[in-house]
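Summary of the model geometry
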Amino acid sequence: MRPRQLLKTCLLLTVAWSSASGQPAANLEMTIHVHDYAGIDPGELAEAEAFAARILHKAGLRTQWNNCRFRPAATALRGCAAATGGVTHLYIRLLAEPMAGKLAASTTILGMSLPTSRGTFPVDAYVFAERVGVFAEQDRGPVLRLLGAAITHEVGHLLLAGNAHSVTGIMSAQWGPKEKKDALMGVLTFSRRQSEQIRADVRQRMSGSNQRTHIAYDERGIEPNRGR
Ligand SMILES: [Zn+2]
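A quick note: this is a predicted structure, and the numbers were derived from the prediction, not measured. What you see as residue numbers is a count from 1 along each chain, following the sequence as written. Confidence filtering applies because this is a predicted model: local features only for residues at pLDDT of at least 70, side-chain atom pairs given and counted only at 80 or more, and all residues used for totals across whole chains, interfaces and linings.

Things to note about the overall build of the protein chain
On a plain count of helices and strands, the protein chain comes out with six helices and five strands. Starting at the N terminus and walking to the C terminus, you meet the elements of the protein chain as β-α-β-β-α-β-β-α-α-α-α. Exposed residues have 12 or fewer other C-beta atoms within 10 Å of their own C-beta, buried residues have 20 or more, and residues in between are partly exposed; the C-beta atoms are placed from the backbone. Counting over 228 residues, the protein chain shows a buried share of 49%. Residues are scored as being in contact if the C-beta atoms we place from backbone atoms lie within 7 Å. Excluding contacts between residues fewer than 6 apart, the proportion of contacts in the protein chain whose partners are at least 24 apart in sequence is 80%. The secondary structure listing takes helices from DSSP runs of H or I that are at least 4 residues long and strands from runs of E that are at least 2 residues long, numbered from the N terminus.

Looking at the packing of helix α4 (residues 143-159) against helix α5 (residues 177-185)
Structural elements are reduced to axes, namely lines fitted to C-alpha atoms, with helices fitted over the stretch in contact, and the angle between N-to-C directions of any two is expressed from 0 to 180 degrees. Look at α4 against α5: their axes get within 9 Å of each other, and the N-to-C directions meet at 100°. As judged from the angle between their axes, α4 and α5 are roughly perpendicular. Counting all contacts with α4, which are made through R145, L146 and A149, the residues of α5 involved are K180, A183 and L184. Partitioned by chemical class, the residues of the contact of α4 with α5 number four nonpolar, no polar and two charged. Note on terminology: angles under 35 degrees are roughly parallel, angles over 145 are roughly antiparallel, angles of 65 to 115 are roughly perpendicular, and the others are oblique. Note on residue classes: Ala, Val, Leu, Ile, Met, Phe, Trp, Tyr, Cys and Pro are nonpolar, Asp, Glu, Lys and Arg are charged, and everything else, Gly too, is polar.

A word on the confidence of the model for the protein chain
When pLDDT is averaged across the protein chain, the result is 81; 76% of the residues are at 70 or more. The score called pLDDT rates the predictor's confidence residue by residue, from a low of 0 to a high of 100. Note on residues 1-22: pLDDT under 50 across the span, and 97 contacts to partners over four residues away in sequence or across chains. In the model, residues 215-221 has pLDDT below 50 throughout and makes 25 contacts with residues more than four positions away in sequence or in other chains.

Quick look at the structure:
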């Protein structure tokens, strides 16, 4: 499937602890399958995922993570479940530059999610992991936290209908030094309203519905903020 539009992953700043929901995770849970085509160290990937899981937990969502790694010598991903889990399963592909370049030529784009038919739940997204690493290392930023944040941003696009970008926080469309700092401090999070929307979306997914009742998913591009 060819993405029709790009969800830009460069994120912006701000978002204080007070903007996080602080809601308990209750029984809301999603399974996130991470397909690693970028050759990330398993321990480092687990750290990035743990960081992402903490951000999502602040929004009131529990997450289970399944990893599978692409091995060049193999003909297929190993340990990867078939994408038959329904809409409570999300699939995040971590790509190195050669594959990322085929999806998004501009190296300023750090990730994207794939649109679905109007009113249905999207489940597929990409994070251009190598670009995230380059972006982080430009000023020796927290690579693993930024990778976790970029994964979370794309998960946010999958769980938030419509234009999910906000001026501040994890869903900022452009990221710069402020986002790096906030990620390092653990305050790059979803807003209270975004957290509420995520919980409502997951609740609907868990109910067995295959159709969103609210606005259609809207693909948006994301780019780095060069001005800050
Ligand atoms: Zn975005």
